[in-house]
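# Structural characterization, general
The lines below spell out each chain.
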Amino acid sequence: MDAPSANHSRTPCQPWAGQNGWSPASPPGPPCDPLPGLQHLSLSSPSEQRPDHDQPQGSTPPPRDHGAQRLVHDVPTWGQRRHIPPCSLPLPPYTHRGSPDGPLPQHQKHDGSPSLGVDSPLRATVESAHAPPTSPASQPPHWTLAAPSRGAINDFVPDAGAAAPDRNVPPQSPTSRYGLDPELLPSAVKVIAEDAAEWEGKVFVSEALSRLPPLATTSCLIEDRGNASPLAIRSASYCVPCEGQTALLSRLPLAALLTPLARLNEGEKPLPVSSEAACVTGCVSCGASMCPAMGWQDCGQRFSCPFCGTLSEVPWHHYQPTRGPQGVRVDRDQRPELSMGSYETLGPHRGEPAALILAVDVSASAVRGGHLEFATHEIFTLLTSLNSEDGVRVGLMTYDSRIHLYDLSPALTRPHMLVLAEAEDLQLPVREGLLVPLQDCMHGIHSVLQLIPQFSPEGGGSGGGPVQLPVRASLALLQALSCPGKLLVFHTAPLVETGDTNSSSGFFGSNRPKSIFQPSEPAVSLAEECVRQGCGVHLFVLSQQDVGGAWPGHIPYLTGGALHTYDHLQGELDRERFSADLKRVVETDTGYKAELRIFVSKDVRVSGCFGLFLPGASPGRVVMATLNRSTTLAVELAHNRALEETTGVAIQTVLSYSTQAGCRRTRVHTLTLRCSRHLQDTFRQYQAQTLLTFYCKKIYCSVLERPLQELREELQTEVTEALASYRKHCCSASVSAGQLVLPQYLRALPVYINSLRKSEVLLPGLRSSVHQRLQQRCQVLAMDAAATSAHFYPLLLPLPLSVDAAALSPDPGEALRCCAASMEPGRLYLVHAPLTLLLWVGSRVPACTLMALFNAGCFSALPSGETKLPVLENRLSARVRSLVHALDSEAPCARKLWVVKQGDACEEFLQRHLVEDKSPNGGASYADFLYHLHVNSVRLLQ
């Protein structure tokens, strides 16, 4: 069986140019020109009106967007050089072709990052936006501020030639290679702060065809009035183009993010739950569930399904008449399936409750490691804290090269060990007593856990069984008892690859393209069995192995679990992290044996689905072993035919899953979006954070089958063409060739996209191990929109320096731009990302601050690296520790706190998170990337 090439399925798309209504009449160019249909547009006169054939076929001319974000910059001209592909970026007066991710020092050269020579930086001056327009060929290079317009937020770039303030910050120089000041470019921090100021603590009403919701990073109350919460379904654009050709013109995806079990914000009403029999039956043709988007006809006797267009009869026991011209049922407000965008139903049948299985490695290396005593003690402490009234059934096994099962029947005076020597064909000798309710087997589990550290190593070697061995044994146990479950494996032995490694299907034994991110065929086969049974695997590797050995994370992440690695649990920090991870895994609310069906309006289709799951035959149906509150998928939509402005577009997700107690539930989310024939309306309803999350999931799934450099270039090309399209079809006629124009809610998109392009997964550095990249890819794929945006643009929080200043707790809303220019040597800064927490200490921080926070008398005495803040009796220490604890509670996994001293060798680790600067792996700075986007978008229009 071939391993799946990617976690998605796609339908082919037509080429953009020549298929989208743009005039194909253009001067012939070389084959590398991606957009020949754009060549007819002249920018010689800003007041020149565009001809009618510029508009999409079948659409009305949209009004020009005067509420756009404008960064006005006149760039050098290049004569007749118009046919230039957007990913090849030769800029006059430069002499070499290259990408913004260069040049690199000789010791950092790597494939996929060509160098770019620079002869001289641009010189900048401030000029009024009301100056008379001139031809691009005669304009000198300058930055100027566009005239403010209603609805616009005016971020601008003034004098780029002014010297940046000298702050003596070693991590990164803030100077752009083109002479631009990065501090004055559009700010993602400002966008987040403005949205929080508008919506923080307020109520957003989600109703049919609702407006653009708050950002994913903004905490506010959501009131469901017929449309699903953006926490459950978040559309990339809340206005869908009516024509498919209009959608192609935008060059931005029609997509949505799905978080079926999304956690509600504090203060929101819980989802209504009713029995399945009491709810009005949905569409019998396509299987969609009842929702407010259904259209009632014949006084309520029939309803029209927006997802398939068929008419369905209402059963007599569910019939109620309609009233008013809109045809609303009289019982609408009493039924959540008729009045709310999200609700849940209880199935009539109750299955077996989910089991918790613990598998502990007792091989020679594990016993000699000395950490089993601590691990078993933490396991027992956690089991003791669980509520035994929930009916949790627990199973216990140990393994080396064999499997040891334990009969925990309460009738036995002590547990009995059952040894399975045959690893290939596991046959259970008994079934009773292998899974027992927790309240009945605590004494037996305690006695076994006490004996595990005293096991005698089998043989003299350090080898043990593979990770797949306890997974197969647990599957056999769950299949015999017909129940789902959660498997926790505590592994220590060296990681080995299983299966026939000499077969022709190996990495070098086939002509099929391979990737380091592809799971092996045995791992995929075993993961498929886990999905069918509803078994989620969580792997705790207690002896971290960064170099060599097979990566064991494919099975855990493909089954809704996770991989946790530690360094033999010798240090206090590792032990605290292990305890926190173990508690989080066991106590997290989980859905088992889940099936997600995605329905969309009949005139559109689901063309792709991306996330951590095994792909199936249809992108509109996803089967998962387990999922939790943060599990998020991304779907891409495409037009089948033209849409009607009056009806809009509906998206529905129907999740069927089993709870811990065995109850079968169905959760329904329905989102309706309005349609428009104006491309400008679509651009105005996009959000940068949503697009970032979609692009991340799509590209991180595509790395299984496509080269990384190709994906990075494709991402840059799509964003460049989107800016060119917005400039051509949505801007006012007075825009000159030197003006960079961004839609209001996409101002942060360039910095997000640049951070994604230069991430460790797509652009590895010299210190990036394969295991770290595999782990990071899976961790980010499992994140929701808020966590993804924080991962690619971390929070940079300044900390107080004195005890008096600590009286006010640091506010995450006071975050700074994520660049070295924001950091001063006399300050403390906390860098918060979902997977990382760094505390940077400047060399000029007062000694009293170091003493109050670290109990260190001077800067040289302060240790760097992994650490834990000491508990000191002062307000500064209490406030900083409180902030760290609050940030840790939002993270998807337990993190270590890294102290980074200015000038220390570990500052390179900090530089990876300063995403607006040039990264150590050669990724371009934000200023350079934005410059390239603008220049190439202008070139596409010439």
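Residues numbered from 1 in each chain as written. Predicted model: local features only at pLDDT ≥ 70, side-chain atom pairs only at ≥ 80, totals over all residues. Heavy atoms only, no water.

## Concerning the environment of leucine 763
Spelled out, the test is: A helix here means a DSSP run of H or I that spans at least four residues, while a strand means a run of E at least two residues long, and both kinds are numbered starting from the N terminus. Think of it in three bands: residues with accessible area under 20% of the maximum for their type are buried, residues over 50% are exposed, and the middle band is partly exposed, with areas taken using a 1.4 Å probe on protein chains only.
Within the fold, leucine 763 resides in the loop between helix 14 (749-757) and helix 15 (770-781). Leucine 763 gets classed as buried once you look at its relative accessible area, which sits at 2%. Considered as a pair, leucine 763 and arginine 773 are 10 residues apart in the sequence and their alpha carbons are 9.9 Å apart.

## A short note on the state of the cysteines
Put simply, the rule is: When the sulfur atoms of two cysteines come within 2.5 Å, that pair is taken as a disulfide.
Here the structure, examined in full by the defined rule, presents 0 disulfides. Unpaired in terms of disulfides, cysteine 283 finds its nearest cysteine sulfur in cysteine 308, a separation of 3.5 Å. For cysteine 283, a relative accessible area of 4% translates into the label buried. Here cysteine 609 is not disulfide-linked; the sulfur of cysteine 701 is the nearest cysteine sulfur, at 8.6 Å.

## Focus: the sheet that holds strand 27 (residues 633-639)
Stated formally: Here the rule is simple: two strands pair whenever DSSP picks up at least two bridges between them. A fitted line through C-alpha atoms serves as each axis, taken over the contacting stretch for helices, and the angle formed by two N-to-C directions is quoted from 0 to 180°.
The strand order across the open sheet built from 4 strands is 6-8-27-25, with neighbouring strands paired in antiparallel fashion. The sheet is open, and its two edges are formed by strand 6 (233-235) and strand 25 (604-610), each paired on a single side. Along the sheet, successive strands turn relative to each other by an average axial angle of 25°, direction set aside. Both strand 6 and strand 8 (residues 254-258) contribute to a ladder of 3 bridges, which runs antiparallel. Along strand 8, the bridge assignment pairs isoleucine 233 with leucine 258.

## Focus: the pattern of salt bridges
For side chains bearing opposite charge, pairing can occur when the charged atoms are close. Defined as follows: Salt bridges are counted wherever a side-chain nitrogen of Lys or Arg sits within 4 Å of a carboxyl oxygen of Asp or Glu.
For the structure shown, the criterion picks out 27 salt bridges. Between arginine 677 and glutamate 243 there is a salt bridge, with its nearest N and O atoms 3.4 Å apart. Residue arginine 677 is found in the loop between strand 29 (663-676) and helix 11 (679-684), and its partner glutamate 243 is found in the loop between strand 7 (239-241) and helix 2 (244-250); the two are separated by 434 residues along the sequence. Residue arginine 677 is classed as partly exposed on the basis of its relative accessible area, which comes to 23%. Arginine 621 is the salt-bridge partner of glutamate 595, the closest N and O atoms lying 2.7 Å from each other. With a gap of 26 residues between them, glutamate 595 in strand 24 (residues 591-600) and arginine 621 in strand 26 (residues 621-627) connect regions that are remote in the sequence. The exposure class assigned to glutamate 595 is partly exposed, which follows from its relative accessible area of 23%. Taking relative accessible area as the criterion, arginine 621 reaches 45% and is therefore assigned partly exposed. Overlapping salt bridges bring together Arg329, Asp331, Arg335 and Glu337 as one network.

## So, the nonpolar core
This is how the line gets drawn: In this description, a nonpolar core means a group of buried Ala, Val, Leu, Ile, Met, Phe, Trp, Tyr and Cys residues linked to one another through side-chain atoms lying within 4.5 Å. For this analysis, residues touch if any pair of their heavy atoms sits within 4.5 Å.
Tyr700, Leu756, Leu830, Val841 and Phe854 are the most contacted members of the largest nonpolar core, which totals 170 residues. In terms of residue count, helix 12 (residues 688-702) provides more of this core than any other element does, 9 residues in total. Aside from chain neighbours lying at most four places away, what touches phenylalanine 854 is Leu828, Leu839, Val841, Thr849, Leu862, Leu869, Pro870, Leu872 and Val899. Membership of the second largest hydrophobic core comes to 36 residues, among which are Ala375, Tyr406, Val436 and Cys441.

## So, helix 17 (residues 847-854)
For helix 17, the set of buried residues is Thr849, Leu850, Ala852, Leu853 and Phe854. Structurally, helix 17 contributes buried residues whose contacts are with strand 32 (828-833), strand 33 (836-841), helix 18 (875-890) and strand 35 (897-901). Residue asparagine 855 follows helix 17 closely and has a positive phi angle near 60°.

## Some remarks on the sheet that holds strand 34 (residues 865-867)
Read from one edge to the other, the open sheet built from 5 strands follows the order 31-32-33-35-34, with strand pairing classed as mixed. On the outer flanks of this sheet lie strand 31 (795-799) and strand 34, each paired with one strand and no other. Pairwise comparison of adjacent strand axes, ignoring direction, gives a mean angle of 30° for this sheet. Across 6 bridges, strand 32 lies against strand 33 in antiparallel orientation.

## Points about the packing of aromatic side chains
The test is simple: Only the six-membered ring of Trp is used, alongside the rings of Phe and Tyr, when aromatic pairs are assigned; centres must lie within 6.5 Å, and planes under 30 degrees apart are stacked while those over 60 apart are edge-to-face, with the rest tilted. Lysine and arginine charges are scored as sitting over a ring when NZ or CZ, respectively, is within 6 Å of the ring centre and within 35 degrees of the ring normal.
Overall, the coordinates contain 17 aromatic pairs when judged by the stated rule. Both rings, one in phenylalanine 490 and one in phenylalanine 540, keep their centres 5.1 Å apart while their planes meet at 20°; by these two values the pair is stacked. Of this pair, phenylalanine 490 sits in strand 21 (residues 485-491) while phenylalanine 540 sits in strand 22 (residues 535-541); the two residues are 50 residues apart in sequence, bridging distant segments of the chain. By the burial criterion, phenylalanine 490 is buried, and phenylalanine 540 matches it. Put simply, the rings of Phe374, Phe490, Phe540, Tyr566 and Phe578 pair up and form one aromatic cluster. In this arrangement the basic side chain of arginine 329 is found over the ring face of tryptophan 296, its NZ or CZ atom lying 4.9 Å from the centre.

## As for helix 8 (residues 521-533)
This is how the line gets drawn: An expected span of 1.5 Å times one less than the residue number is assigned to each helix.
Helix length check: helix 8 (13 residues) gives 19 Å between terminal C-alpha atoms against 18 Å at 1.5 Å per residue, within 8%. Among the residues of helix 8, Ala523, Val524, Leu526, Ala527, Cys530, Val531 and Gln533 are the ones counted as buried. Among the structural elements, helix 7 (468-481), strand 22, helix 9 (554-558), strand 24 and strand 26 are those in contact with the buried residues of helix 8.

## Describing the packing of helix 13 (residues 708-729) against helix 14
The following threshold applies: For classification, angles of less than 35 degrees are called roughly parallel, those exceeding 145 degrees roughly antiparallel, those between 65 and 115 degrees roughly perpendicular, and all remaining angles oblique. Under the scheme applied here, ten amino acids are nonpolar (Ala, Val, Leu, Ile, Met, Phe, Trp, Tyr, Cys and Pro), four are charged (Asp, Glu, Lys and Arg), and all others, including Gly, are polar.
Put simply, helix 13 and helix 14 touch, their axes get as near as 10 Å, and they point 170° apart. The pairing of helix 13 with helix 14 is recorded here as roughly antiparallel in orientation. Listed contacts from helix 14 to Arg712, Leu715, Gln716 and Val719 of helix 13 are Ile753, Leu756 and Arg757. When the residues that make up the contact of helix 13 with helix 14 are grouped by side-chain class, the tally is 4 nonpolar, 1 polar and 2 charged.

## Details of the environment of leucine 582
Within the secondary structure layout, leucine 582 lies in helix 10 (residues 572-587). Leucine 582 sits in the buried class, given a relative accessible area of 2%. Separated by 44 residues in sequence, leucine 582 and histidine 538 place their C-alpha atoms 9.5 Å apart.

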